[in-house]
Amino acid sequence: PEPNGEGPSGSGAGLVAFDHLSQAMRYEEMLSWLLFYGSLLQVAKSPVQDVIDPGGVVQSQAVETEDGSLRLVLNASQSHQTLASRFISEAFGGGVQHVALATGDIVATVERLRRNGVELLPIPENYYDDLEARTD
């Protein structure tokens with residue numbers, strides 16, 4: 001795609017940049033990965049957030065370069081029922097769980113993706129209320 005997210009036919013979805021990469025890992029591996037990325041990439045840690053999953057709590061911590069050009073989100077859970085833990089079980093170990101992309105207009109991007117046949121994950125009705133209650 002071209003920089004504006006449009007392909008040659010103009011049918012792009014408006015995705016403009018890489019936002020972050022998310023890595024799922026076993027709970028007991030979190031500190032090792034934080035130390036690894038901190039020493040290798042000189043990233044700063046954000047505060048740990050507990051993310052509520054229908055299967056339990058996921059500990060999530062982002063690390064980012066000073067200029068913001070690289071952001072990794074590390075996710076781990078002690079519960080075996082969370083999405084992160086199921087990913088580890090099904091993938092036979094930790095790894096990249098998802099790649100997040102940025103857009104200037106999420107509503108237009110979602111409409112274009114749906115028109116292009118992309119199936120999106122269902123979002124529970126209370127997701128945004130829970131998110132607003134936990135963050136600014």
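Each value, and the rule that gives it
- Residues numbered from 1 in each chain as written.
- Predicted model: local features only at pLDDT ≥ 70, side-chain atom pairs only at ≥ 80, totals over all residues.
- Heavy atoms only, no water.
- Helix = DSSP H or I, 4+ residues; strand = E, 2+ residues; numbered from the N terminus.
- Buried < 20%, exposed > 50% of the residue type's maximum accessible area, 1.4 Å probe, protein only.
- Polar contact = N/O pair within 3.5 Å; in protein donor to acceptor, adjacent residues only side chain to side chain.
- Contact = heavy atoms within 4.5 Å.
- Salt bridge = Lys/Arg side-chain N within 4 Å of Asp/Glu carboxyl O.

Caption draft 1: Fine view of the side chain of Ser-60. Locating Ser-60 in the fold gives a position in strand β4 (residues 56–64). According to the relative accessible area criterion, Ser-60 is buried, its value standing at 11%. Engagement of the side chain of Ser-60 in a polar contact is seen with the side chain of Asn-75, the distance being 2.8 Å. Other than its neighbours up to four places away in sequence, Ser-60 contacts Pro-47, Val-48, Gln-49, Val-51, Val-73, Leu-74 and Asn-75.

Caption draft 2: Looking closely at the pattern of salt bridges. In total, this model carries two salt bridges according to the counting rule given. Note that Asp-19 is salt-bridged to Arg-71, the shortest N-O span being 2.7 Å. Taken together, the residues span a long stretch of sequence, with Asp-19 in strand β1 (residues 15–26) and Arg-71 in strand β5 (residues 71–77) at a distance of 52 residues. You can call Asp-19 partly exposed: its relative accessible area is 26%. For Glu-29, the salt bridge identified is with Arg-26, shortest N-O distance 3.9 Å. Given a relative accessible area of 26%, Glu-29 falls into the partly exposed group. Exposure remark for Arg-26: the relative accessible area of 37% places this residue in the partly exposed category.

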